[in-house]
Amino acid sequence: MFCFKGQRVVAVMLVLVLFAALLSGCRQQDMGGAQVLADEKEKLSTIRVAKQFGLVYAPLMVAEKIDFFSKYGLEVEWLTLGSGGAVREAMAANELDVAFMGIPPYLIGWDKGLPAKIAAGYVVIPVSLVTYDSNIKTLEDFKPEHKIAVPSPGSVQHILLSMALKKQLGDPNVLDDNLVALPHPDGAQAMLAKKDVVAHFTTPPYLFEELDQPGYRVVVDGFDAFGQDFNFNVGLVTEVYHDNNPQGYGAFVQGLNEAMNWVNEHKEETAELLAPEFKIEKEKLLKYLTAEGVNYTTAPYGLMGFAEFMKEAGYISKVPESLSDIAWENILGQVGKREGGPCTLEKIQWSK
Amino acid sequence: MRDFLSKMAFILVIAILWELIRLTGGYPKLLFPGVSSIINALWIERWDIMSKTMFSLKIIGMGLVVAIGLAMFGTFISMSGKFFAEIVTDLMAIMHPLPGIAILPVAILWFGIGIKAILFVIVFSAVWPLINHFYTGFRSIPVNQLEVGRNLGLTGWELALKVMLPASFPHILSGLRTGWARAWQASVAAELVFGAAGGQGGLGWYLYKKRFMMETPGVFAGMLIIVLIGIAVEYLIFAVVEKRTVKKWKTIIN
């Protein structure tokens, strides 16, 4: 018995020592990070960006392939991460300087203290709820056994569905028990097989692929749910990077603008460049890139519109007091602040 | 009682240490939430956590019952002849190293998204260690014990119940322990990777949701519950069973 106790004490001490070692490791890394930042100030070098895959990310993929950043003296380190959740966690842990995510996931992070703000709007693109069930005409027709696929809880698709539910049925959470979290490809596969789910809130190209099938229709259009256009994603830069590396920040924003514009002006070349990456024919990709409603832009749209609804529905605990709480200066400068009532650009940051 | 007090002291020490590291390290709340916020999350979400826990325990229970049934069947047929024994051993060699979660994509293809797929993963994860331990247990029954039993006139069921079961029970018990642990891991992992269910989901789905809502205290609260259930099952079920059986029979050293 005594021997057992002694073993336990040793075990506890071992755990403590390991823990301390682990944490001191973290500390050193932090100091290392600061050192790197100090070095960066002098020679202006790298920025760590989460690499993401999908039609929406075409400008980012082009930016990586053609390299729009080195002429501004910026070297981009592209990191591949598993999911949107992992991207946000990496940002919180300062393993990442730039990330792209939907406005609702960002607001959830912001509410919890994620130290990053919006440096660029990123793309306006249709997001819709699609079904193949001919009995489902409106949101009222969903029965408890009808499963609806969304990419994840708190995603832009989930929040848009809640917004539409509130507008049409008065209760944003009435279909919560119908939701199934499925990544876009799995959701599209389930939809095309007409198995497990009857509806899917999704984004191009999955949206286009599903709507191409006979009998597949849109039940809720994302822009209708929101009331006007909104950025599908926003480009975020962490506070640490923004404050310590203004040149790098400026270079990244400018490079991103150039990439965005290049895609708009060279859709055919973009299709040619990216078709092997997506593993689809060039013609099909071009069709997607030029589909109605797809707008490759860095302009801010609807940045504030989700917050009030998300607070009301209980997804976040507070609403940004002004745009400056969630966006960096280049966005604030673009939107402006008209005396005597909001200007057009200020108005489009809200939902209707 | 002393045992209980020492465990509470142990937990208290960990909590204090946690707070000390958090406060001295200056880590952001997002990464390293305080003990109070974790307890708070636990309290606010108690009903939700409770129903999720019940759901998890229910499907794990169902999965384990099926897995134990299958394992017993597998053990009996392998005991009944060399041919079956070889098949079962080969199957075990192939399947046992495969993590249950790796089966998930296939499970979803076969059973769709929902409870059935998760149940399949649980059964798959638990059944191989169960067979492994059961089979080893029955094969390691000392021959002289069997013969003593036979000399006393025991045959058939009586022999199985009075000699074979007690002799192999240490193995059966450790099989059940492993099976339970694997089932628990499988259910949480399957839901965490896939988040398969909507209204109906267990603790894995709870963790998944909390992660995507970036509620770090909620994530820790869910983990705490998983650990506590593990401890409870060990001390309230397995330890008691062990005390009443193999320790009483003195088949293992105390």
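Just above, that's the structure.
On a predicted model such as this, the values are computed, not experimentally measured, just so you know. (Residues numbered from 1 in each chain as written. Chains lettered and ligands numbered in written order. Predicted model: local features only at pLDDT ≥ 70, side-chain atom pairs only at ≥ 80, totals over all residues. Heavy atoms only, no water.)

**Quick look at the pairing of strand β1 (residues 46-51) of chain A**
Residue and element names in this part refer to chain A.
Here is step 1: Of the pairings in the sheet, the one linking β1 to strand β2 (residues 75-80) comprises six bridges and is parallel in character. Within β2, the position partnered with Arg48 by the bridge is Glu77.
Here is step 2: Note on the crossover from β1 through helix α2 (residues 58-67) to β2: the handedness is right-handed. (Pairing = 2+ DSSP bridges. Helix = DSSP H or I, 4+ residues; strand = E, 2+ residues; numbered from the N terminus. Right-handed = clockwise from strand over helix to strand, strands pointing away.)

**What about the sheet that holds strand β8 (residues 199-202) of chain A?**
Residue and element names in this part refer to chain A.
Here is step 1: The strand order β7-β6-β8-β5-β9 describes an open sheet built from five strands, whose pairing is mixed. For this open sheet the edge positions go to β7 (179-181) and β9 (217-221), each flanked by a neighbour on one side alone. The mean angle between the axes of side-by-side strands here comes to 30°, regardless of whether they run parallel or antiparallel.
Here is step 2: Here four bridges tie strand β5 (residues 128-131) to β8, and the two strands are oriented antiparallel to one another. For Val130, the partnering residue across the bridge sits in β8 and is His200.
Here is step 3: Together, β5 and β8 form the strand contacts of helix α6 (residues 184-192), whose direction differs from that of β8 by roughly 150°. (Axes fitted to C-alpha atoms, helices over the stretch in contact; angles between N-to-C directions. Contact = heavy atoms within 4.5 Å.)

**Describing the packing of aromatic side chains**
All names here are of chain A.
Here is step 1: Per the counting criterion, the structure on display carries 21 aromatic pairs over all chains.
Here is step 2: Where Phe69 meets Trp78, the ring centres are 6.5 Å apart and the plane angle is 55°; that geometry is what we call tilted.
Here is step 3: Given the relative accessible area of 19%, Trp78 is considered buried.
Here is step 4: Among the aromatic residues, those joined into a cluster by ring pairs are Phe223, Phe226, Phe230 and Phe306.
Here is step 5: Taking NZ or CZ as reference, Lys318 lies 4.8 Å from the ring centre of Trp110, over its face. (Phe/Tyr/Trp six-rings, centres within 6.5 Å; stacked < 30°, edge-to-face > 60°. Buried < 20%, exposed > 50% of the residue type's maximum accessible area, 1.4 Å probe, protein only. Lys NZ or Arg CZ within 6 Å of the ring centre and 35° of its normal.)

**Regarding the packing of helix α6 (residues 115-139) of chain B against helix α8 (residues 156-194) of chain B**
Residues and elements named next belong to chain B.
Here is step 1: Following both chains from N to C, one finds α6 and α8 inclined at 160°, their axes separated by 8 Å at the closest point. With respect to their mutual orientation, α6 and α8 come out roughly antiparallel. Considering the relative orientation of α6 and α8, their crossing is right-handed. (Parallel < 35°, antiparallel > 145°, perpendicular 65-115°, else oblique. Left-handed = near helix turned anticlockwise from the far one by under 90°.)

**Re the side chain of Thr131(A)**
Residue and element names in this part refer to chain A.
Here is step 1: Locating Thr131 in the fold gives a position in strand β5.
Here is step 2: By relative accessible area, which is 0% here, Thr131 ends up buried.
Here is step 3: A distance of 2.7 Å separates the side chain of Thr131 from the backbone oxygen of Val198, its partner in a polar contact.
Here is step 4: Apart from the residues within four sequence positions on either side, Thr131 is in contact with Ile136, Met191, Val198, Ala199, Gly215, Tyr216, Arg217 and Val219. (Polar contact = N/O pair within 3.5 Å; in protein donor to acceptor, adjacent residues only side chain to side chain.)

**Considerations on the side chain of His146(A)**
Here is step 1: Counting through the fold element by element, His146(A) comes out in the loop between β5 and β6 (148-150).
Here is step 2: Other than its neighbours up to four places away in sequence, His146(A) contacts Asp133(A), Ile136(A), Asp141(A), Asn178(A) and Val198(A).

**Here we look at the pattern of salt bridges**
Here is step 1: Under the counting rule described, the total for this entry stands at 17 salt bridges over all chains.
Here is step 2: Its salt-bridge partner being Asp48(B), residue Lys52(B) comes within 3.0 Å of it at the nearest N-O pair. A residue pair is termed a helical-turn pair when its members lie 3 or 4 positions apart in one helix, as Lys52(B) and Asp48(B) do in helix α3 (residues 46-79) at four residues.
Here is step 3: A residue is classified by how much of its surface remains accessible, and Lys52(B), at 6% relative accessible area, is buried.
Here is step 4: Looking at Asp48(B), the relative accessible area reads 28%, which means it is partly exposed.
Here is step 5: We note a salt bridge from Glu158(B) to Lys162(B), for which the minimum N-O separation is 3.7 Å. Note that Glu158(B) and Lys162(B) are positioned in helix α8 at a spacing of four residues, about one turn of the helix.
Here is step 6: We classify Glu158(B) as partly exposed; its relative accessible area is 40%.
Here is step 7: Residue Lys162(B) is classed as exposed on the basis of its relative accessible area, which comes to 53%.
Here is step 8: Here the salt bridges share partners, and the residues they tie into one network are Asp111(A), Lys112(A) and Lys318(A). (Salt bridge = Lys/Arg side-chain N within 4 Å of Asp/Glu carboxyl O.)

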